[in-house]
Amino acid sequence: MKHDICSIPISEVFEPKDGCPVCRLRDILEKRMVEYITGAAMMEPDVRIETNKKGFCLHHYNRMLKQHKHLSVALTMQSRLEELDRQVFGNGLLAKDPARQGKSARQALSTCFVCDEVNTNLERMLQNTCHLWGRERDFRQLFAEQPELCLPHFAMLAEAAGKELGKKERAEFTKIASDICRRGLDALRADIDHFTRMYDYRSGKSANDWGTAKDSPERVVKFLTSRPPEKD
Ligand SMILES: [Zn+2]
Ligand SMILES: [Zn+2]
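Residues numbered from 1 in each chain as written. Chains lettered and ligands numbered in written order. Predicted model: local features only at pLDDT ≥ 70, side-chain atom pairs only at ≥ 80, totals over all residues. Heavy atoms only, no water.

Trainee: Whenever I open this one, the pattern of salt bridges confuses me. Can you help?
Mentor: Any two side chains of opposite charge can pair, on the condition that their charged atoms come close. The final tally for this structure, using the stated rule, is 15 salt bridges. Aspartate 27 is the partner of arginine 26 in a salt bridge, and the nearest nitrogen-oxygen pair spans 3.0 Å. Put simply, aspartate 179 and lysine 175 hold a salt bridge, and the shortest N to O gap is 2.7 Å. Taken as a pair, aspartate 179 and lysine 175 lie in helix α11 (residues 167-198) at a separation of 4 residues, close to a single helical turn. Relative accessible area serves as the criterion here: at 35%, aspartate 179 is assigned to the partly exposed category. Where salt bridges share partners, they join Glu30, Arg63 and Arg227 into one cluster. (Salt bridge = Lys/Arg side-chain N within 4 Å of Asp/Glu carboxyl O. Helix = DSSP H or I, 4+ residues; strand = E, 2+ residues; numbered from the N terminus. Buried < 20%, exposed > 50% of the residue type's maximum accessible area, 1.4 Å probe, protein only.)

Structure, rendered in structure tokens:
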């Protein structure tokens, strides 16, 4: 079941040429995984053992609650809390060693099932992206036409290329990805400079002079973290 979640044709994800294609791929994987965890996964004991052990991060708890399947979420919480009680408080030895108990609590809270699944599958799909780029001329063209790559996803692509492609191809692939990412960085730097000048009374700028700079702080957050900032 978990494998069905990840069957996504890579070239379709690159087709829209709108923003970072790897963000789009991550969003698809994440959406499917959150739906799965509040749906079919409830009936899969192996998955429940993993979610009890790993739990979820704030971002993914929020996403799960937005599914409006509160009973499913509560059931995962019920067994997760039981597991945490055992991990953090259940062992008499831990109570005698407060430092170890604190470490155990911190470790128990540092994992997220959805993050791990999404990252593992994203890495695998980026390896496939490298192979596709290596063998299909049309996909090379499509890859080169991407308008943006955020910095975290440039890093993941470059790392995947380092593992999956031969020396010459790796250099060529990384150069193309790097050029796309760098173009975004240059544009953001220009917009952020413009943004700060709009607040400088000496610049003589008026409200009509914003150009593309108005939402540039939000776009920098997206470029650096692959996530848009939270709205009020
Ligand atoms: Zn991205
Ligand atoms: Zn997470």
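Trainee: Quick question: what am I supposed to make of the packing of aromatic side chains here?
Mentor: How two aromatic rings sit relative to each other is given by the distance of their centres and the angle of their planes. Taken as a whole and assessed by the stated rule, the structure comprises 9 aromatic pairs. Between phenylalanine 195 and tryptophan 210, the ring centres sit 5.3 Å apart and the planes meet at 55°, which makes this aromatic pair tilted. One end of the pair, phenylalanine 195, is in helix α11; the other, tryptophan 210, is in the loop between α11 and α12 (216-225), with 15 residues separating them in the sequence. Judged by relative accessible area, phenylalanine 195 falls into the buried class, the value being 18%. Judged by relative accessible area, tryptophan 210 falls into the buried class, the value being 14%. These aromatic residues form a ring-pair network of at least three members: Phe14, Trp133, Phe139, Phe143 and Phe173. Taking NZ or CZ as reference, arginine 140 lies 3.9 Å from the ring centre of tryptophan 133, over its face. (Phe/Tyr/Trp six-rings, centres within 6.5 Å; stacked < 30°, edge-to-face > 60°. Lys NZ or Arg CZ within 6 Å of the ring centre and 35° of its normal.)

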